[in-house]
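Breakdown of the fold
Each chain, written out:
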Amino acid sequence: MSFKKQDIYQALETITAPGEGKSLIENNNVKNVVIFGNEVNVDVTIGNPTLQAKKKVEVEITKAIKTNVDENIEVKINLKVEKPAPKEDPNLIKGKPIPNIKNIIAVASGKGGVGKSTVTSNLAVSLAKMGFNVGVLDADIYGPSQHIMFDVEKEKPLSVNVDGRSKMKPIENYGVKLLSLGFFTNPDQAVIWRGPMASKALKQLIFDGAWGELDFLLIDLPPGTGDVHLSIVQALPINGAVVVSTPQNIALADAKKGVAMFQQDSIKVPVLGIVENMAYFTPDELPDNKYYIFGKDGAKNLAQDINTTFLGEIPLVQSIREAGDVGHPVALQKGTVLEKAFEDITKNMVAQLLQRNANLPPTEVVRITTMSGCSAVKK
């Protein structure tokens, strides 16, 4: 009895891989062939896990070798089942990563006037206080406000050379890097742009910014679910979204639409949770009283209904508005109820992000590598 390994491979070319339409050899199902005298060991892997498919392959391999090579060969088959890699959804929107930016979080609201920009600025400051490198992209093209909230309204980004390319250096304050269309427009003039022009300006802010090393880039989105939102998810791989709402039903209805946008099959951005702003009012003269002006637990109940996390609530306090107007976010305070509220929300957000990153393929996201200052975060 005399035969070679090539004879075995030629025999196996006559067998079709189950469900593939190609031969075992052409489909690379045969991983190895070892010959010991008149004994042949065949290592083969298939994607069909059914018992019928496995038995069929074993019978056909044995028959092919005995028929086409030598009927006296003793055939031993080591068969494994490997689940095939899922086919990529052609409709799935995927953005291009920005080098050196580890996690990108979109802060959104279905409705205007719920305090989304205020929440974004205070989340950024809280993250910076925890020891992270943080940037904020003000994507509210028609109503930018982050440059006011960070007290850099009159600043202008400088041009810097990065690897032979001219880029915008973000303005930095309170340990947060910031780029906003507000730096480039006249505060007395309205931005009257159609969708494509707004999207082009937004992409310039994203990709022409010299962000450097960032643990987090927070994106302050405009209200609603329009062109800018689609441009963002097409341009960037968003790790997660935070949705801001007030407790009343009319705001919650729009917040629900905002969550639904991120959960679309073509977008699939994980929603990290919901923040309830203006949850209750407590007057200075009655610090133990809570008045639920806009309703009670609306965002908390919504989070339960749509199976997402309630990140926390922020009271309706005059000093939050005052601090935003003068460009000094309340998260910069020390030892106050408001600082604690934003700190807890930020830690809850990071905890959810850690869980999301652990459950998503590493090619889709970049994991947090440091939790400096976040010892309270549950991993």
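This report concerns the structure included in the present document. A quick note: this is a predicted structure, and the numbers were derived from the prediction, not measured.

Looking only at helices and strands, the protein chain has 10 helices and 13 strands in total. Per-residue burial for the protein chain yields a buried fraction of 47% across its 379 residues. For the protein chain, the proportion of contacts with a sequence separation of at least 24, taken over those separated by at least 6, is 73%. Carbon together with sulfur atoms contributes 49% to the accessible area of the protein chain, which is approximately 19,500 Å² in total.

Right, let's get into the packing of aromatic side chains. Scanning all chains against the criterion turns up 3 aromatic pairs. Consider the rings of Phe150 and Tyr174, whose centres lie 6.2 Å apart with planes at 35 degrees: the pair is tilted. Residue Phe150 is found in the loop between α4 (146-149) and β6 (158-162), and its partner Tyr174 is found in the loop between β8 (171-173) and β9 (176-180); the two are separated by 24 residues along the sequence. Take Tyr174: its relative accessible area is 24%, and that puts it in the partly exposed class.

Our focus in this paragraph is the packing of helix α7 (residues 249-262) against helix α8 (residues 298-305). Between α7 and α8, the least distance of the axes is 10 Å, while the angle of their chain directions is 35 degrees. Along this stretch, α7 crosses α8, giving a crossing that reads as right-handed. In this structure, α7 uses Leu252, Ala255 and Lys256 to contact α8, whose residues at the interface are Gly298, Ala299 and Leu302. Looking at the contact of α7 with α8, its residues break down into 4 nonpolar, 1 polar and 1 charged.

With respect to the helices and strands, Lys116 occurs in helix α3 (residues 116-129). With relative accessibility at 5%, the residue Lys116 sits in the buried group. The contact partners of Lys116, leaving out residues within four places of it in the chain, are Val107, Ala108, Ser109, Asp140, Asp220, Leu221, Pro222, Pro223 and Val244.

Looking now at the nonpolar core. Of all hydrophobic cores here, the largest spans 39 residues; its most connected members are Ile105, Leu127, Phe150, Val275 and Met349. In terms of residue count, helix α10 (residues 337-359) provides more of this core than any other element does, 7 residues in total. Setting aside its immediate chain neighbours within four residues, Val275 contacts Val119, Val242, Val243, Val244, Ser245, Leu311, Gly312, Ile314 and Ile345.

So, on to α8. Turning to α8, its buried residues number three or more, namely Gly298, Ala299, Leu302 and Ala303. Each buried residue of α8 lies within a common arc of 135 degrees when the element is viewed along its axis, so the set occupies one face. Turning to α8, the residues buried within the fold contact α7, β12 (271-276) and β13 (310-313). Of the residues trailing α8, Asn307 is marked for its positive phi of about 60 degrees.

Take the packing of helix α1 (residues 5-12) against helix α2 (residues 51-68) next. Following both chains from N to C, one finds α1 and α2 inclined at 125 degrees, their axes separated by 9 Å at the closest point. When the axis of α1 is compared with that of α2, the two are oblique. Between α1 and α2 lies a crossing of right-handed hand. Judged by residue contacts, Ile8, Ala11 and Leu12 of α1 engage Ile61, Ala64, Ile65 and Asn68 from α2. Of the residues in the contact of α1 with α2, the class split is 6 nonpolar, 1 polar and no charged.

Per the counting criterion, the structure on display carries 9 salt bridges. A salt bridge links Lys116 to Asp220; the nearest nitrogen and oxygen atoms lie 2.8 Å apart. Of the two residues, Lys116 sits in helix α3 while Asp220 sits in strand β10 (residues 214-220), which places them 104 residues apart along the sequence. Of the two residues, Lys116 and Asp220, both sit in the buried class.

This next bit is on the sheet that holds strand β1 (residues 30-36). Strand order in this open sheet of 3 strands is β1-β2-β3, and the pairing throughout is mixed. The open sheet has two edge strands, β1 and β3 (74-81), and neither has a second partner. For this sheet, the mean angle separating the axes of adjacent strands, direction not counted, is 15 degrees. The pairing of β1 with strand β2 (residues 39-46) spans 6 bridges and is antiparallel. Following the sheet pairing, Phe36 is matched in β2 by Glu39. Lying over the sheet, α1 contacts β1 and β2, oriented at roughly 135 degrees with respect to β1. Here α2 sits on the sheet and contacts β2 and β3; the angle it forms with β3, its principal contact strand, is near 150 degrees.

Ordered by their spatial adjacency, 8 strands build an open sheet running β8-β9-β5-β10-β4-β11-β12-β13, and the pairing between neighbours is mixed. Taken across any chain shown, the strands that pair with only one partner, and hence form the sheet edges, are β8 and β13. Adjacent strand axes in the sheet meet at a mean angle of 25 degrees, parallel and antiparallel pairs treated alike. Across 5 bridges, the pairing between strand β5 (residues 134-138) and β9 is parallel. Note that in β9 the partner of Leu137 across the bridge is Leu179. Docked against the sheet, α3 engages β4 (101-108), β5, β9, β10, β11 (240-245) and β12, running at close to 170 degrees with respect to β10.

Inspection of the secondary structure puts Lys167 in strand β7 (residues 165-169). It is Asp208 that comes nearest to the buried, bridge-free Lys167 among opposite-charge side chains, at 5.9 Å. Ignoring sequence-local partners within four residues, the contact set of Lys167 consists of Leu158, Ser159, Val160, Val162, Phe207, Asp208, Gly209 and Ala210.

What counts as what
- Residues numbered from 1 in each chain as written.
- Predicted model: local features only at pLDDT ≥ 70, side-chain atom pairs only at ≥ 80, totals over all residues.
- Heavy atoms only, no water.
- Helix = DSSP H or I, 4+ residues; strand = E, 2+ residues; numbered from the N terminus.
- Buried < 20%, exposed > 50% of the residue type's maximum accessible area, 1.4 Å probe, protein only.
- Contact = heavy atoms within 4.5 Å.
- Areas by Shrake-Rupley, 256 points an atom, 1.4 Å probe, with all protein chains shown as cover.
- Phe/Tyr/Trp six-rings, centres within 6.5 Å; stacked < 30°, edge-to-face > 60°.
- Axes fitted to C-alpha atoms, helices over the stretch in contact; angles between N-to-C directions.
- Left-handed = near helix turned anticlockwise from the far one by under 90°.
- Nonpolar A, V, L, I, M, F, W, Y, C, P; charged D, E, K, R; others polar.
- Core = buried A, V, L, I, M, F, W, Y, C linked by side-chain atoms within 4.5 Å.
- Arc of directions from axis to C-beta.
- Parallel < 35°, antiparallel > 145°, perpendicular 65-115°, else oblique.
- Salt bridge = Lys/Arg side-chain N within 4 Å of Asp/Glu carboxyl O.
- Pairing = 2+ DSSP bridges.
- Lys, Arg positive; Asp, Glu negative; His and termini not counted.

Taken by themselves, the reported measurements are silent on function.
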